[in-house]
Protein chains: 2
Amino acid sequence: MKSEKKQETGKQRGSQTVYFKNPPVIIGAASVAGKKEGEGPLGAFFDQIEEDPMCGKETWEEAESALLGKAASLAISNAGLTAKDIRFLVGGDLLGQLIATSFGVENLEIPMLGVYGACSTMGESMAVGSMLVEGGFADKVLAITSSHFAGAEKQFRFPLDYGAQRPLAATWTVTGSGAVVISSKGMTKEERDAQGEGGFAQVRIKGVTIGKITDFGIKDSMNMGACMAPAAYDTIKANLKDLGVEPSYYDKIVTGDLGLVGKDILIDLLRNDGYDISENYMDCGIEIFDPDVQDTHAGGSGCGCSAITLAGYILRKMHKRVWNRILFVPTGALLSTVSFNEGQTVPGIAHAVILENDI
Amino acid sequence: MKSEKKQETGKQRGSQTVYFKNPPVIIGAASVAGKKEGEGPLGAFFDQIEEDPMCGKETWEEAESALLGKAASLAISNAGLTAKDIRFLVGGDLLGQLIATSFGVENLEIPMLGVYGACSTMGESMAVGSMLVEGGFADKVLAITSSHFAGAEKQFRFPLDYGAQRPLAATWTVTGSGAVVISSKGMTKEERDAQGEGGFAQVRIKGVTIGKITDFGIKDSMNMGACMAPAAYDTIKANLKDLGVEPSYYDKIVTGDLGLVGKDILIDLLRNDGYDISENYMDCGIEIFDPDVQDTHAGGSGCGCSAITLAGYILRKMHKRVWNRILFVPTGALLSTVSFNEGQTVPGIAHAVILENDI
């Protein structure tokens, strides 16, 4: 493992990974999930289940904004803060022009940086957010994203009313929003010791690996796993190489939403390079639904998939020290109906966030 | 004027402005403009004029990607670098899922952070890029954006073939891409002195002001100036307040694309708060076209408008010390056809970048 200080000028060339000298802390998180997600295997872990897919609104898009607004407010209050304490909000979503985020957070009046990395957005917003905190530009940043099954289908494929049939390689866009509050300061060693043995572990963001656009020439919008697996491969490989570690360095390597098809491709690609992740690999899209009961085919997807799995499930497992070191790698397929219908490929991108418990 | 050191923890509450301790330097820039832009008042300032609106491609979107790819490569080579020297690329565009950027920079293989702030994107990418550089996470960052008249009309309003009539409040989306390379190091004092009197000034990014989503309830997609003026007002006011300065502190306060309608609104809004910017205000959208000859109505707009005006015109004026301190405020209207057609408002956002010549 390389030196733990921030990479210095001149040593950066070629490296995609930033390793923090003063790793920021996740001091609050929130997961607001849809009804179907609440009925899935991770249902018990989510902070809130929204039974009404419209969230009391008139359109799918407004519903997603409402979900996202709830997750934002909940994450902030879970961190014991108010919106005024958050210096910057970094977030985005799948909808064109990030309307779920814009309308969802408008009333919080937090200076906002909109980001887009398709379903890798939670990784990107956490990467940017943690760099802003560690760089000394903000005490506290809110990183957030969301997705909504109906809004995503309408935008990217077919409106639900068409009753289009979904192939088995297709994934099911998760309805939900996840958010984390990233802070320059967490609890001190003394405060943590005072919690005693039953206390929660404190999760830090130790570093981030920024992904490149990866394009293996795949053109199937119904097989996003295959589009994204090369990007996950590229980013995970870069992370392992930059840190000089083996996959077993992590308790789990967690991708966002490769699903069952993408999973096999990723494991194979990394195996070709001598990295075996089969023992400690997990995909949020595979965990979030039960395909036998929920008819979700290859798994869950969407920005919300990795976001609520992180905020609801992974962080809780880390707090209880079931896992102490996670490589969280949300994966995005840069699918656009315009470029897709013009015959272009669907490139992918993935950003990795190194999460680690304070000892 | 407040202390010049980076704002410390605890003093950040409520402040939207980050003022850098070690201001990064713009070491390279590029502006690639369309034919119409090349025929406008600023035509002589652009690095390249692309005579073919299709850039030799088959679709408007591919054309925009080509423009953006050219600007990226040119900015990097103007800085005397190759793509491998750039640690991160921060950029985005108006097209859904940022396809102009994704496909435009794919072959450069630079780790990428996609951002979206509508036409404020150049401000956002420079703000994020300069924080990443000043925070020590990257030696060199490329900040980039683009827009294309035909692609934007097709996406946001009507395909050109429909021959829709444009109201006088409408602006004309600029075809062009602008990029800057932001570096932790520029020339030393000795190197600059060696240039003698005829040497170019060195432009630094002294700080940034991150905007909030601002929504005055305007719903007219053909009057983007009115949608964005409140956001420009909010961000400029925050900047002046955070720095404790009067508008005359800047040689010019430059908005992105408010156009003739938005200009008047902005000046009035700030005047109500006791700030008179009428003497030193400039809008890239007003400068870039000659409405009498070019039939552009209220002015130019689009991410590319402020980007090529900055990279082509403003930086050249600064290099020649015509201007020494600029507040560059690209302005974005968060217009989505989906939310718009569902009866929602068009909120705005604006991010400000403080540009200053080394003495």
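Residues numbered from 1 in each chain as written. Chains lettered and ligands numbered in written order. Predicted model: local features only at pLDDT ≥ 70, side-chain atom pairs only at ≥ 80, totals over all residues. Heavy atoms only, no water.

All right, on to the overall build of chain A then. Looking only at helices and strands, chain A has 12 helices and 16 strands in total. A compact globule built from 359 residues should have a C-alpha radius of gyration of about 21 Å, and chain A, at 19 Å, falls within 12% of that. Counting over 359 residues, chain A shows a buried share of 66%. In chain A, 77% of the contacts between residues at least 6 apart in sequence involve partners at least 24 apart. In the form shown here, chain A has an accessible surface area of approximately 12,200 Å², with 49% of it arising from carbon and sulfur atoms. Placing the 33 positive and 45 negative side-chain charges of chain A at their respective mean positions leaves the two points 8 Å apart. (Helix = DSSP H or I, 4+ residues; strand = E, 2+ residues; numbered from the N terminus. Rg over C-alpha atoms; globule rule 2.2 N^0.38 Å. Buried < 20%, exposed > 50% of the residue type's maximum accessible area, 1.4 Å probe, protein only. Contact = heavy atoms within 4.5 Å. Areas by Shrake-Rupley, 256 points an atom, 1.4 Å probe, with all protein chains shown as cover. Lys, Arg positive; Asp, Glu negative; His and termini not counted. Charge placed at Lys NZ, Arg CZ, Asp CG, Glu CD.)

Moving on: the relation of the copies chain A and chain B. Rotating chain A by 180° about the axis while translating it 0.0 Å along that axis superimposes it on chain B, leaving an RMSD of 0.0 Å. What the superposition gives is, in effect, a two-fold axis relating one chain to the other. Residue by residue, 100% of the interface of chain A is reproduced at the interface of chain B, so both copies engage with the same surface. (Least-squares fit on C-alpha atoms with pLDDT ≥ 70 in both.)

One pass over the full model with this rule turns up 10 aromatic pairs over all chains. The interplanar angle of 80° and the centroid separation of 5.0 Å between the aromatic rings of Tyr249(A) and Tyr250(A) together place this pair among those described as edge-to-face. Measuring from ring centre to ring centre gives 5.7 Å for Tyr313(B) and Trp323(B), while their planes differ by 85°; the resulting arrangement is edge-to-face. Of the two residues, Tyr313(B) is situated in helix 11 (residues 303–319) and Trp323(B) in the loop between helix 11 and strand 13 (325–329); the sequence distance between them amounts to 10 residues. In this pair, the class of Tyr313(B) matches that of Trp323(B), namely buried. (Phe/Tyr/Trp six-rings, centres within 6.5 Å; stacked < 30°, edge-to-face > 60°.)

A few words now on the pairing of strand 13 (residues 325–329) of chain A. Residues and elements named next belong to chain A. Of all 5 residues making up strand 13, 4 are buried, and the element is well covered by its neighbours. When strand 10 (residues 252–255) meets strand 13, the two strands line up parallel, connected through 4 bridges. From the neighbouring strand, Thr255 faces strand 13, where its bridge partner is Val329. Where strand 13 lies against strand 16 (residues 352–357), 4 bridges are found, and the strand directions are antiparallel. Each bridged residue has a counterpart across the sheet, and for Ile326 the counterpart in strand 16 is Leu355. (Pairing = 2+ DSSP bridges.)

Time to look at the pattern of salt bridges. All names here are of chain A. Under the criterion given, the structure shown has 30 salt bridges over all chains. Among the ionic pairs, Asp358 bridges to Arg204, the shortest N-O distance being 2.6 Å. With a gap of 154 residues between them, Asp358 in the segment after strand 16 and Arg204 in strand 9 (residues 203–209) connect regions that are remote in the sequence. In terms of burial, Asp358 and Arg204 fall into one category: buried. (Salt bridge = Lys/Arg side-chain N within 4 Å of Asp/Glu carboxyl O.)

This paragraph deals with the interface of chain A and chain B. The partner chain B presents 66 residues to the 66 residues of chain A that form the contact. Each partner contributes to the roughly 5,300 Å² buried at the junction of chain A and chain B, and carbon and sulfur atoms together form 59% of this total. Together, Arg87(A), Gln97(A) and Phe137(A) form the three largest contributors to the area buried by chain A at its contact with chain B, with a combined 14%. Where chain A packs against chain B, one counts 2 salt bridges. The residue Glu342(A) makes a salt bridge to Lys154(B) at a minimum N-O spacing of 3.1 Å. (Buried area = accessible area lost by both parts, 1.4 Å probe.)

Keep in mind these numbers describe shape, not what the thing actually does.
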